[in-house]
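# Secondary and tertiary structure notes
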Amino acid sequence: MTHAIKRIAVITGDPSLPDPTKRGGSYHEEDAETHEAMMAAFRSLKGYDFEFLSEHASLLERLRRKPPDLVVNFCDTGYRNVPTQELNLPAYLELFGIPYTGAPPAAMIICFDKAIVRLVADSLKVPVPREAYIAADRPLDDVPDLLPALIKPNAADGSVGITKDAVVRTRAQALDYLRELRATLPGRDALMQEYLPGAEYGVGLIGNPATGLRMLPPLEVDYSRLPAGLNPILSFESKAMPDSPYWTEIKFKRAEIAPELEARLAAWTTALFRRLGLRDYGRFDFRIAADGEPKLMEVNPNPAWANDGKLAFMAGFAGIEYRDMLRLVLEAAIRRVTGAD
């Protein structure tokens with residue numbers, strides 16, 4: 001691909017700072033390994049000069065003083081690893097006219113609020129679960145009639161606030177979990193959502209509406225190895241507790257779905273990508289309801305970029321190596337920024 005963009009800065013979270021989305025609230029060996037794999041993959045791409053920035057204390061001054069041609073925004077943990085500040089970095093880049101990959105601040109704000117995403121999806125005729133919004137200051141004297149239900153924070157990343165006990169089947173369980181959520185995440189509004197007991201799918205898109213969106217083969221979360229009695233969900237344990245069966249026994253596999261469903265997923269995700277203002281890549285999570293209908297669970301405007309993440313798995317199903325998945329995201333951004341065909 002011919003382009004004028006050569007100097008590229010890849011920005012990630014800061015491993016020297018606490019991170020609430022990781023086990024024990026800090027970075028570990030597995031995080032360093034995925035970071036090294038990402039750097040090696042980018043360095044293997046010819047025609048670019050890459051630098052990798054992860055120290056946030058000097059990051060903003062470094063970008064202002066020596067702006068790159070393009071930033072690969074892999075800082076999905078938020079500036080200083082604060083999830084609510086994920087939008088701050090692209091906002092800063094826009095102030096200084098530095099182009100970057102991925103979603104703009106407006107899309108991040110909307111997608112961080114799960115209740116708003118549901119409203120947008122519903123307006124586009126994308127099926128969504130029945131749901132109740134529970135404000136943080138609402139008295140907990142009763143719960144909505146949605147049992148069985150999944151309870152989760154309205155705004156959070158990395159499954160924070162969604163533990164193995166987040167699926168509730170009785171009023172008492174629901175009240176207990178809501179109280180626990182308020183204790184661990186004070187001031188955070190919650191969602192009580194109809195529990196979707198069927199298969200769970202991930203759908204990845206790379207590209208942009210103006211130059212073409214590519215849908216990767218859908219992924220299914222394989223819960224079949226979980227011990228009996230455990231709720232089949234991607235809880236915080238699956239991402240932060242290596243000694244949990246949620247970490248060791250949950251796998252990803254290529255989804256075996258009918259062409260008609262795949263076409264519906266493609267139409268829904270394309271419509272959401274456009275309406276929510278996503279750019280370059282995105283991931284959408286669906287789950288099958290008790291009546292067999294797929295329903296939207298979540299939209300990820302800047303999904304995990306790691307070589308062991310869902311997007312990388314989906315690319316692999318299409319025969320796309322990890323380095324080439326990163327290249328596709330990079331080239332999508334370059335086409336958008338430069339107006340190239």
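As a reminder, the structure under discussion sits directly above these lines.
The residue numbering used here restarts from 1 in each chain and proceeds along that chain's sequence as written. Residues qualify for local features only when their pLDDT is at least 70, as the model is predicted, and side-chain atom pairs are given and counted only at 80 or more; totals for whole chains, interfaces and linings, by contrast, use all residues. Only hydrogens and water are set aside; all other atoms, that is, all heavy atoms of the structure, feed into the side-chain values.

### A look at the sheet that holds strand S7 (residues 190-194)
Our working rule: When DSSP locates at least two bridges between a pair of strands, those strands are taken to pair. Secondary structure counts use DSSP, requiring at least four H or I residues in a row for a helix and at least two E residues in a row for a strand, with both numbered from the N terminus.
Taken together, the four strands give an open sheet; going across it, the order is S4-S7-S5-S6, and neighbouring strands pair in antiparallel fashion. Across the chains shown, the open sheet's two edge strands, defined by having one partner strand only, are strand S4 (131-134) and strand S6 (167-168). Where strand S5 (residues 149-153) lies against S6, two bridges are found, and the strand directions are antiparallel. By the bridge assignment, Leu 150 is partnered in S6 with Val 167.

### Digging into the side chain of Lys 310
Let me state the cut-off plainly: Any two residues whose heavy atoms approach within 4.5 Å are treated as being in contact.
Relative to the elements of secondary structure, Lys 310 occurs in helix H10 (residues 310-317). For Lys 310, the residues in contact, after removing those within four places along its chain, are Glu 200, Leu 219, Val 221, Leu 234, Phe 252, Arg 283 and Asp 285.

### Description of helix H4 (residues 105-112)
The test is simple: Throughout, exposure labels follow a simple rule: accessible area from a 1.4 Å probe, protein chains only, divided by the maximum for the residue type, with under 20% read as buried, over 50% as exposed, and the rest as partly exposed. This arc corresponds to the set of directions leading from the helix axis out to the C-beta atoms.
Those residues of H4 that fall on the buried side of the exposure criterion are Pro 105, Ala 107, Met 108, Cys 111 and Phe 112. Down the axis of H4, the buried side of the element spans an arc of 160°, and every buried residue falls inside it. Along its buried surface, H4 packs onto strand S3 (70-73), helix H3 (88-95), helix H5 (114-123), helix H9 (259-276) and strand S13 (294-300).

### Digging into the packing of helix H1 (residues 29-43) against helix H11 (residues 322-338)
Any two packed helices are characterised by the angle at which their axes cross and by the distance between the axes. Formally: To get an axis, a line is fitted to the C-alpha atoms, and for a helix only the part in contact is used. The angle between two axes follows their N-to-C directions and goes from 0 to 180 degrees. By the definition adopted for this analysis, an angle is roughly parallel if under 35 degrees, roughly antiparallel if over 145, roughly perpendicular if from 65 to 115, and oblique otherwise. In this scheme the handedness of a crossing depends on how the near helix is turned from the far one: anticlockwise by less than a right angle means left-handed, clockwise means right-handed.
Look at H1 against H11: their axes get within 9 Å of each other, and the N-to-C directions meet at 70°. By the angle between their directions, the pair H1 and H11 is classed as roughly perpendicular. For the element pair H1 and H11, the recorded crossing hand is right-handed. Side by side, H1 and H11 meet where Ala 37, Met 38, Ala 41 and Phe 42 of the first sit next to Tyr 322, Arg 323 and Leu 326 of the second.

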